[in-house]
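Report on the structure
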Amino acid sequence: MMKKVCENWEQALPAGTFGPHLFGEFETRAKNVSAEVFRVATAAEAQAVLVELAKSLGAKKAVAVDCPLAQSAGAYEALRAAGLEVYTATDDIAAHADTADLGVSGVEFGVAETGSVLQDALAVENRLVSTLPPVHAVFLKSGNIVPAMADAIGAVAKVFDRGYLSFITGPSRTADIERVLTIGVHGPSRFIIIAVDETAGGGAA
């Protein structure tokens, strides 16, 4: 089983305030920081989005971390059927992440205030797929949206003991050379969020 800081993040989210009603605000803010957002109703539709993305990239190789939504969608089998090499074992991800065309993983929740997502990055494979390939796509439950960063920090405070967490806000960017904004220098130049209404078990997110 993949190492995680928390096995059930939903229990840590602020009861009564998080939910799909915040998705519109989250989507607007995420797009404002150049994330690409696709909201779909079912896992099957999520699979189609991922495969079309890979085809549009002309991708030949992907590194992918297993997550419940990807499993439910049969996402990685579909990428293989589309002709991609897909590496999911930790050692394989470490060996191929720097030459892969596409990284795929899951995230725990989004933040409406900033358009950010939180990734439980205790497992090294999550850190590899989210930083080395030029394109990073993530699966997100569309109902797991908290209102503000303060709520996100509150959720983290409930469960964090040790390890790594990543807040991802759009593609990698820097302006440390003469304040000229440059995308994709220190990480992926494209960040794609595939938000799924259906849960991994088939219910509503």
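Along each chain, residue indices are assigned from 1 in the same order as the chain's sequence is written. Local features in a predicted model are, by the rule used here, given only for residues with pLDDT of at least 70; side-chain atom pairs are given and counted only at 80 or more, and totals for whole chains, interfaces and linings are based on all residues. Just so you know, side-chain values use all the structure's heavy atoms and leave hydrogens and water out.

With an unreviewed UniProt entry as reference, the protein is termed Lactate utilization protein, source organism Anaeroselena agilis.

**A few points about the packing of aromatic side chains**
The cut-off we apply is this: Stacked, tilted and edge-to-face are the three classes assigned to paired rings of Phe, Tyr and Trp, where Trp is represented by its six-membered ring and a pair needs centres within 6.5 Å; plane angles under 30 degrees give stacked, over 60 edge-to-face, the rest tilted. Under the DSSP-based scheme used, a helix requires at least four consecutive residues in state H or I and a strand at least two consecutive residues in state E, with every element numbered from the N terminus. A simple rule labels every residue: compare its accessible area, found with a 1.4 Å probe on the protein chains alone, to the largest value its type can have, and call it buried under 20%, exposed over 50%, or partly exposed in between. The rule for a charge over a ring is simple: NZ of Lys or CZ of Arg within 6 Å of the ring centre, and within 35 degrees of the ring normal.
Enumeration over the complete set of coordinates arrives at 2 aromatic pairs. Considering the side-chain rings of Trp9 and Phe109, the 6.0 Å spacing of their centres and the 55 degrees angle between planes classify their relative orientation as tilted. Placement of Trp9 in the segment before α1 (23-32) and of Phe109 in strand β5 (residues 109-111) is noted, with a sequence separation of 100 residues between them. For the pair formed by Trp9 and Phe109, the shared burial category is buried. Between the aromatic rings of Phe23 and Phe26, the centroid separation amounts to 5.7 Å while the plane-to-plane angle is 55 degrees, which identifies the pairing as tilted. Of the two residues, Phe23 and Phe26 both sit in helix α1, 3 residues apart, roughly one turn of that helix. Given a relative accessible area of 0%, Phe26 falls into the buried group. A cation sits over an aromatic face here: Arg39 above Phe23, 4.6 Å from the ring centre.

**Structural notes on the pairing of strand β4 (residues 102-106)**
As a reminder, the rule being used: Criterion used throughout: strands pair if DSSP finds at least two bridges between them.
Counting buried positions along β4 yields 5 of 5 residues, so the element is predominantly enclosed. Burial along β4 is two-sided: the face carrying Leu102, Val104 and Gly106 and the face carrying Gly103 and Ser105 are both buried. As judged from the 3 bridges shared by strand β2 (residues 61-64) and β4, these two strands associate in the parallel manner. What sits directly across from Val63, in β4, is Gly103. Bridging between β4 and strand β7 (residues 135-141) involves 4 bridges; their strand directions are parallel.

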